[in-house]
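The primary structure of each chain is shown beneath.
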Amino acid sequence: MLPFLARRTVRMFFILLIASIVVFYSLRFAPGDPTGAALNPLALEEVREAYRHRLGLDRPVYQQYFTFLGNLVRGDLGVSIINGERISNLLWSYGKNSLILGLSAVVLTYGIGIPLGLLAAARRNTWIDHLTSTFAAVLMGIPNFWLALLLVYLFSSELRWLPSSGSGGWKYLVMPAIVLAAEGIAVTARMMRSAMLEQLGQDFVRTHRAKGLSEWTVVGRRVARTALIPVISLAGLRFGWLIGYALVVETIFRWPGIGYLLVDSVLRRDYPVAQFFSLVLVFVVVLSNLFADILYGLADPRVRV
Amino acid sequence: MCAAESPLTDISVLAEQETAPPYASRSPLAESWRSLKRNRGALIGLLVVLCYLIVGIVGQIAFRNPGILPHDYATQDLMGTFQKPGATGHLLGTDQLGRDMLSRLVVGIGISLAVGFGVTAISMVIGLLAGSIAGFRPGWPDTIISAIIEITWGFPLILIAIIIAGALGPGLTSIVLAIALINWAGFARLIRGEVMVLRNQEFVQAARATGVGDWRILRRHILPHTVAPALVMASYYVAAAIIAEAAFSFIGLGAQPPTPSLGAMIADGRNYILLDHWISTIPGLTIVLIVVALNLLGDGLRDMFDPRLRNR
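Residues numbered from 1 in each chain as written. Chains lettered and ligands numbered in written order. Predicted model: local features only at pLDDT ≥ 70, side-chain atom pairs only at ≥ 80, totals over all residues. Heavy atoms only, no water.

*Asks:* Just to check I follow, could you spell out the overall build of chain B for this structure?
*Replies:* Along the backbone of chain B there are eleven helices and zero strands. The linear arrangement of helices and strands in chain B, starting from the amino end, is α-α-α-α-α-α-α-α-α-α-α. In chain B, 67% of the contacts between residues at least 6 apart in sequence involve partners at least 24 apart. Of the roughly 14900 Å² of accessible surface on chain B, a fraction of 67% belongs to carbon and sulfur atoms. (Helix = DSSP H or I, 4+ residues; strand = E, 2+ residues; numbered from the N terminus. Contact = heavy atoms within 4.5 Å. Areas by Shrake-Rupley, 256 points an atom, 1.4 Å probe, with all protein chains shown as cover.)

Shown next as structure tokens:
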């Protein structure tokens, strides 16, 4: 286990290093720079030059990169170019919101997806199964941004139950969390169903039944446990998608999370903010892949690393 | 089948046995088609996908020569905006600029499908190359390619899309590049795994023992086995790419006006959803239908190619 963790940690840092170079260079080679958003549109070119000089943007890109890396290693995250906000403060306030949204979506995804798949497998080829499959197929087909529009139309405009965007109480969280979880629920339910069906044909199931265990114990506990393995390994992979979706969902609902901040900062060329939060996202994805591998080993002793 | 040894003398039974050849004698292709025919969902999926393809081809032609459709997809009619579906001359109504929704939908399907299939073709070719090299050559080629795959897979797609759209300007080319740049890793992962298993199979060792070169083994003996799983994955990836294109066009990074992609059309209608919902509902339903159809087709293909999963 320990050599495995060490190897993976080294690889994780390597990935982050490469990601930081890619992000750093592509942001700087993209057209436009922070003067577009930070200065008056009519500002003179000399003023822009002075501004760039003050931020060190006129230095060669590799020098800027090493400065950035050095500051990062020392724990100095820097400040936003646009409004001077400390990035460590931004990380706390926006990160908290993203975490709330992400956790709600994860709870919804697995809290609904797993029981749904289990139920469909246990009641295979009945109307419950068909209904679940249809529901999952449609849920996978609906683009999340359109689902967002439909929900806003239904719950904000027609029923007036929920606010259409922004943040505040729990009511602001409901729609973004549902939209973010929708596809995951469908994928998890399908995965769980087919994994359950694969396990139900195995010998150990017959043994358990022959021992006289109740059907609930066999299906709901013994079979479900082994069927969770592919679901868990999928969870790690899905995390990358979830984060990608989170950017869209947060932007649509104006949920003040890291995704919203990142899109905004890239568009305004707020380099320090965009760089740092891109890396945060890559870090979270890589870390979740690592966790998925570890969980995989815990759930199935045969593949223990 | 050993009919001669059978005690049956009834000629009709023998005749029946001859017309219905035993299970094992069917060609794999015929067997696959039989399996697909049995799977109602997959058949419906295939039909819907074929219909979309035909409409898509018409749409692509109309995108270049708008004259072939009764209405130009980009011609505005500011006196005839927000006509409801079924209005005279406009089967699906008109949008906020009075453009014919049906023409826009046909062209939009053409563009969205072209992006979906184009992206998937590009990522499949790159994934096939990278995956087969990584799977076939353990050691440093595998280490390097696997590391690149993992880095790519860990990257948020939208970040790449924003960066490329920033560098090349928003548009369909940026979107195709961005999605392909991520999706190839999915194919590469799959192909690498398959090739790694196949590499050690007996038939490969046998081929090697007879002096067949590496390149030929890979091309003739290993890669044909990866076609089936790659096709299954492709059908899901086309669906995912269509949704991704729609999402990027929705937030303004993809198709630029007046080019109608399905996502851009939904975005057009987002401000009018209260009174004139069809401007976004029609393209929305169009996406749902094609994505569901592609997923059904993918499920059917998977069952077809993997007999263990059949009858499930």
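So that's the structure; there's more coming.
*Asks:* Mind showing me how you'd approach the overall build of chain A here?
*Replies:* Counting its regular elements, chain A contains twelve helices and zero strands. Ordered by position from N to C terminus, the α and β elements of chain A give α-α-α-α-α-α-α-α-α-α-α-α. Over its C-alpha atoms, taken along the principal directions, chain A stretches across nearly 85 × 55 × 30 Å. For chain A, the accessible area works out to roughly 15300 Å², and carbon and sulfur atoms hold 65% of it. Put simply, chain A has 29 plus and 18 minus side-chain charges, and the middle of one group is 10 Å from the middle of the other. (Lys, Arg positive; Asp, Glu negative; His and termini not counted. Charge placed at Lys NZ, Arg CZ, Asp CG, Glu CD.)

*Asks:* When you look at helix H5 (residues 87-122) of chain A in this model, what are you seeing that I'm missing?
*Replies:* In an α-helix, one full turn covers 3.6 residues, which means residues spaced three or four apart are oriented alike. With 36 residues, H5(A) should cover 52 Å at 1.5 Å per step; its first-to-last C-alpha distance of 50 Å lies within 8% of that length. Largest kink in H5(A): about 25°, centred on Gly95(A). (Expected span 1.5 Å × (residues − 1). Bend = angle between axes of the 7 residues up to and from the residue.)

*Asks:* Could you clarify how one ought to interpret the environment of Arg7(A) in this entry?
*Replies:* Secondary-structure assignment places Arg7(A) in helix H1 (residues 2-29). Distance from Arg7(A) to Gly141(A), taken between C-alpha atoms, is 39 Å for residues 134 residues apart in sequence.

*Asks:* Honestly, the packing of aromatic side chains in this entry has me stumped. Any pointers?
*Replies:* The relation between two aromatic rings is expressed through the spacing of the ring centres and the mutual angle of the planes. Residues and elements named next belong to chain A. Inspection of every chain in the model, using the stated rule, returns ten aromatic pairs over all chains. A network of ring pairs unites the aromatic residues Phe 24, Tyr 65, Phe 66 and Phe 68 as a single cluster. Lying across the ring of Phe 24, Arg 28 places its NZ or CZ 3.8 Å from the centre. Note that Arg 28 overlies the ring of Tyr 271, its terminal NZ or CZ placed 4.4 Å from the centroid. (Phe/Tyr/Trp six-rings, centres within 6.5 Å; stacked < 30°, edge-to-face > 60°. Lys NZ or Arg CZ within 6 Å of the ring centre and 35° of its normal.)

*Asks:* Is there a simple way to explain the pattern of salt bridges in this structure?
*Replies:* Between side chains of opposite charge, a pair can form as their charged atoms come close. All names here are of chain A. Considering all chains together, one arrives at 13 salt bridges over all chains under this definition. Between Arg 193 and Asp 129 there is a salt bridge, and its shortest N-O distance comes to 2.8 Å. Here Arg 193 is found in helix H8 (residues 171-200), whereas its partner Asp 129 is found in helix H6 (residues 127-141), with 64 residues between them in sequence. Take Asp 129: its relative accessible area is 1%, and that puts it in the buried class. (Salt bridge = Lys/Arg side-chain N within 4 Å of Asp/Glu carboxyl O. Buried < 20%, exposed > 50% of the residue type's maximum accessible area, 1.4 Å probe, protein only.)

*Asks:* What is the right way to read the side chain of Arg48(A) from this model?
*Replies:* Within the fold, Arg48(A) resides in helix H3 (residues 45-55). Glu45(A) provides the closest opposite charge to the buried, unpaired Arg48(A), separated from it by 4.3 Å.

*Asks:* Sorry if this is basic, but what is going on with the nonpolar core here?
*Replies:* A general feature of soluble globular proteins is that nonpolar side chains tend to end up buried together. Membership of the largest hydrophobic core comes to 70 residues, with the highest contact counts inside it found for Phe145(A), Leu180(A), Phe253(A) and Ile290(B). Leu57(A), Val285(A), Val115(B) and Ala165(B) belong to the second-largest nonpolar core, a separate cluster that totals 43 residues. (Core = buried A, V, L, I, M, F, W, Y, C linked by side-chain atoms within 4.5 Å.)

*Asks:* Looking at this model, I keep getting lost on the interface of chain A and chain B. Mind explaining?
*Replies:* As a measure of interface size, the accessible area lost when the parts come together is often cited. Contacts between the two partners involve 41 residues from chain A, matched on the other side by 35 residues from chain B. Inspection of the region where chain A meets chain B yields one salt bridge. For the salt bridge of Asp299(B) with Arg190(A), the shortest nitrogen-to-oxygen distance reads 2.9 Å. For the interface between chain A and chain B, the tally reads two residue pairs in polar contact (both at pLDDT 80 or more). Those elements that place two or more of their residues in the side of chain A that touches chain B are H1, H6, helix H7 (144-158), H8, helix H10 (215-253), helix H11 (258-267) and helix H12 (271-299) of chain A. Looking at the side of chain A that touches chain B element by element, the count peaks at eight residues for H1(A). Classifying every residue of the side of chain A that touches chain B gives 29 nonpolar, six polar and six charged. (Polar contact = N/O pair within 3.5 Å; in protein donor to acceptor, adjacent residues only side chain to side chain. Nonpolar A, V, L, I, M, F, W, Y, C, P; charged D, E, K, R; others polar.)

*Asks:* Could you clarify how one ought to interpret empty space enclosed by the protein in this entry?
*Replies:* Rolled over the atoms, a probe sized like a water molecule indicates the empty space that remains. Taken as a whole, this structure holds three cavities of 30 Å³ or more when the rule is applied. Roughly 70 Å³ of volume is contained in the largest cavity. Around the largest cavity sit Leu139(A), Met140(A), Ile142(A), Pro143(A), Asn144(A), Leu147(A), Ala182(A), Glu183(A), Tyr245(A) and Ile243(B), which together line it. When residues of the lining of the largest cavity are traced back to their parent elements, those giving at least two are H6, H7 and H8 of chain A. (1 Å grid on protein atoms, 1.4 Å probe; cavity = no way out; pocket = protein on both sides within 12 Å on 5 of 7 lines; lining within 4 Å. Points joined across faces, edges and corners; volume = space filled by probe spheres on them.)

*Asks:* What is the right way to read the packing of H6(A) against helix H11 (residues 278-305) of chain B from this model?
*Replies:* When two helices pack together, their arrangement is given by the angle between the helix axes and the distance between those axes. Two elements in contact, H6(A) and H11(B), have axes whose closest approach is 8 Å; the angle formed by their N-to-C orientations is 120°. When the axes of H6(A) and H11(B) are compared, the pair comes out oblique. Crossing handedness for the pair H6(A) and H11(B): right-handed. Along its contact with H6(A), which presents Ala137(A), Val138(A), Met140(A) and Gly141(A), the element H11(B) presents Ile287(B), Val288(B), Val291(B), Val292(B) and Asn295(B). Within the contact of H6(A) with H11(B), the residues separate by chemical class into seven nonpolar, two polar and no charged. (Axes fitted to C-alpha atoms, helices over the stretch in contact; angles between N-to-C directions. Parallel < 35°, antiparallel > 145°, perpendicular 65-115°, else oblique. Left-handed = near helix turned anticlockwise from the far one by under 90°.)

*Asks:* What is the right way to read a nonpolar patch on the surface from this model?
*Replies:* On the surface, a nonpolar cluster with roughly 440 Å² of combined accessible area is contributed by Ile54(B), Ile57(B), Val58(B), Ile61(B) and Ile68(B). Structurally, Ile68(B) can be placed in the loop between helix H3 (40-64) and helix H4 (101-136). (Patch = residues over 30% accessible without salt bridge, like charges linked within 9 Å, V, L, I, M, F, W, Y side chains within 5 Å.)

*Asks:* Can you help me understand unusual backbone geometry in this one?
*Replies:* Negative phi values dominate among residues other than glycine, just as trans dominates among peptide bonds. All names here are of chain A. In this structure, Arg 254 takes a positive phi of about 50° despite not being glycine. Relative to the helices and strands, Arg 254 is located in the loop between H10 and H11. A positive phi angle, near 55°, is found at Arg 269, a position not held by glycine. Note that Arg 269 resides in the loop between H11 and H12.

*Asks:* I would appreciate a short explanation of the packing of helix H7 (residues 172-199) of chain B against helix H9 (residues 214-250) of chain B in the present structure.
*Replies:* Residues and elements named next belong to chain B. Between H7 and H9, whose axes approach to 9 Å, the crossing angle comes to 150°. Overall, the two elements H7 and H9 adopt an arrangement that is roughly antiparallel. Between H7 and H9 lies a crossing whose hand is right-handed. Class assignment for the residues of the contact of H7 with H9 results in 18 nonpolar, four polar and three charged.

*Asks:* Please explain the side chain of Arg104(B) as it appears in this structure.
*Replies:* Residue and element names in this part refer to chain B. Within the secondary structure layout, Arg 104 lies in helix H4. Among the polar contacts listed, one links the side chain of Arg 104 to the backbone oxygen of Pro 258, at a separation of 3.5 Å. Discounting residues that sit within four places of it in the chain, Arg 104 has contacts with Tyr 73, Asp 95, Arg 99, Pro 258, Pro 260, Met 265 and Asp 268.

*Asks:* Is there a simple way to think about the environment of Val286(A) in this case?
*Replies:* Residues and elements named next belong to chain A. Counting through the fold element by element, Val 286 comes out in helix H12. For the pair Val 286 and Phe 239, spaced 47 residues apart in the sequence, the C-alpha separation amounts to 9.2 Å. Once residues within four sequence positions are removed from consideration, Val 286 is found in contact with Met 12 and Ile 15.

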